[in-house]
Amino acid sequence: MEASRAIQILERQRETGRQLQNVEMFSPEFKKWSRDTEIAIERIFSTESRNISDFNDISYSLSVFTTGTPDAEFQRAYVRGLEEADAVLASMVNEIREYSAGEPNEDPIADSLNLVERICLRFHAAARQLRSRHAERTTIEIEDEYDVQDLLHGFLRLHFDDIRAEEWTPSYAGRSSRVDFLLKNEGIIVETKKTRASLSAGKLGEELIVDRARYDVHPDCETLVCFVYDPEGRIGNPVGLERDLEAHSGDLKVRVIVAPKS
């Protein structure tokens, strides 16, 4: 990721964190900010870096308290945690500015993955916009996975030249299947799913685990992006599903994106 982009993301998280000082502690907004910041740090540095450890070690609560401890003390501890987080993020910004000077910042593969992620995250907004056509002209309706694939293919074409749809995968467990999209030059496979009444979160997770194992032996796949389009909000805990499926011991890098989340 380019240094300028990394700094922009961290500064955005700093500003959001400062605004949370006026929000009730441990609110949904705080939980989202904490997760978004953790992911940003992992993407900018790495999952094994000191940076992510420093952020995760921040406490937003009292270490010692009794039943008589007033609520104001908990709120002060929460604000102190946010202030410490701001200082840690500021240090990361300074680290990037100081140590990236004069060094190449561009990682084409990482930038391509970030682009695919943004397309998936903004997919619902684009699909919703297409419903409002001039003079009520006909438009695409996203009713099943094939509709998701068709629209996503168009979005990918805006940014990638070599998109191979439905390449056959090597045989896995006696079966072979097709890839939704292979970005061959980037080593990225994009697999799409669309939630429906007959597809529970548990069954969806099982399908994605099988996909992950299958693509782990694909010769052109270095990164698997599983895009789960959930316009009706059928998945109760999308963040949990993403984290569970991204955590595995193989060499394949996996990114699971459930969108929209609300």
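As the structure is a prediction and not an experimental result, all values here were calculated from the model.

Caption draft 1: Region of the structure containing the packing of helix 2 (residues 28-44) against helix 4 (residues 71-99). With their axes 13 Å apart at the nearest point, helix 2 and helix 4 run at an angle of 20° to one another. Judged by the inter-axis angle, helix 2 sits roughly parallel to helix 4. Considering only the axes of helix 2 and helix 4, their crossing is left-handed. Packed against helix 2, whose contacting residues are Phe30, Trp33, Thr37, Ile41 and Ile44, the element helix 4 presents Tyr78, Leu82, Ala85, Leu89, Met92 and Ile96 at the interface.

Caption draft 2: Quick peek at the pattern of salt bridges. Enumeration over the complete set of coordinates arrives at 21 salt bridges. Lys194 is the salt-bridge partner of Glu232, the closest N and O atoms lying 3.8 Å from each other. Within this pair, whereas Glu232 is found in the loop between strand 4 (223-229) and helix 9 (238-246), its partner Lys194 is found in strand 3 (residues 188-194), the two being separated by 38 residues in sequence. We classify Glu232 as partly exposed; its relative accessible area is 45%. Judged by relative accessible area, which is 7%, Lys194 ranks as buried. Each member of the salt-bridge network shares a partner with another, and the members are Glu11, Arg14, Glu15, Arg18 and Asp86.

Caption draft 3: Geometry of the pairing of strand 5 (residues 253-259). For strand 5, the buried fraction is high: six of the seven residues fall into the buried class. Pairing analysis gives seven bridges linking strand 4 to strand 5, with the strands arranged parallel. Note that in strand 5 the partner of Leu224 across the bridge is Val254. Handedness of the strand 4-helix 9-strand 5 crossover: right-handed.

Caption draft 4: Representation of helix 6 (residues 123-130). Those residues of helix 6 not exposed but buried are Phe123, His124 and Ala127. An end-on view of helix 6 places all buried positions within 90° of arc, on one side of the element.

Caption draft 5: Quick peek at the pairing of strand 4. Along strand 4, seven of the seven residues are buried, which leaves the element largely enclosed by surrounding structure. Residues Thr223, Val225, Phe227 and Tyr229 of strand 4 are buried on one face, and the alternating residues Leu224, Cys226 and Val228, pointing to the opposite face, are buried as well. For the segment spanning strand 3, helix 8 (residues 201-215) and strand 4, crossover handedness is right-handed.

Caption draft 6: Expanded view of the nonpolar core. In this structure, Val116, Phe123, Leu152, Leu156, Val225 and Phe227 are the most contacted members of the largest nonpolar core, which totals 24 residues. Those elements that place two or more of their residues in this core are helix 5 (108-121), helix 6, helix 7 (145-157), strand 2 (181-183), strand 3, strand 4 and strand 5. When neighbours within four sequence positions are excluded, Phe227 is seen to be in contact with Cys120, Phe123, Val148, Leu152, Glu191, Thr192, Lys193, Ile257 and Ala259. One finds Ile44, Phe55, Tyr78 and Val93 within the second-largest nonpolar core, a separate group that totals 22 residues.

Caption draft 7: Main features of the environment of Ile235. Secondary-structure assignment places Ile235 in the loop between strand 4 and helix 9. For Ile235, a relative accessible area of 9% translates into the label buried. Non-local contacts of Ile235, meaning those with residues more than four positions away in its chain, are made with Thr195, Leu204, Val228, Asp230, Leu241 and Val258.

Caption draft 8: The arrangement of the packing of aromatic side chains in detail. Scanning the entire structure with this criterion turns up ten aromatic pairs. Seen in terms of ring centroids, Phe30 and Tyr60 are 5.0 Å apart; in terms of plane orientation they differ by 75°. Their pairing is edge-to-face. With Phe30 in helix 2 and Tyr60 in the loop between helix 3 (50-56) and helix 4, the pair connects residues that are 30 residues apart, well separated along the chain. Each ring, one from Phe123 and one from Phe155, has its centre 5.9 Å from the other, and the planes form 75°; the classification is edge-to-face. Linking Phe123 in helix 6 with Phe155 in helix 7, this pair joins segments that are 32 residues apart in sequence. Pair check on accessibility: Phe123 and Phe155 agree, each one buried. Among the aromatic residues, ring-to-ring pairing joins Phe30, Trp33, Phe55, Tyr60 and Tyr78 into one connected group.

About the criteria used
Residues numbered from 1 in each chain as written. Predicted model: local features only at pLDDT ≥ 70, side-chain atom pairs only at ≥ 80, totals over all residues. Heavy atoms only, no water. Axes fitted to C-alpha atoms, helices over the stretch in contact; angles between N-to-C directions. Helix = DSSP H or I, 4+ residues; strand = E, 2+ residues; numbered from the N terminus. Parallel < 35°, antiparallel > 145°, perpendicular 65-115°, else oblique. Left-handed = near helix turned anticlockwise from the far one by under 90°. Contact = heavy atoms within 4.5 Å. Salt bridge = Lys/Arg side-chain N within 4 Å of Asp/Glu carboxyl O. Buried < 20%, exposed > 50% of the residue type's maximum accessible area, 1.4 Å probe, protein only. Pairing = 2+ DSSP bridges. Right-handed = clockwise from strand over helix to strand, strands pointing away. Arc of directions from axis to C-beta. Core = buried A, V, L, I, M, F, W, Y, C linked by side-chain atoms within 4.5 Å. Phe/Tyr/Trp six-rings, centres within 6.5 Å; stacked < 30°, edge-to-face > 60°.

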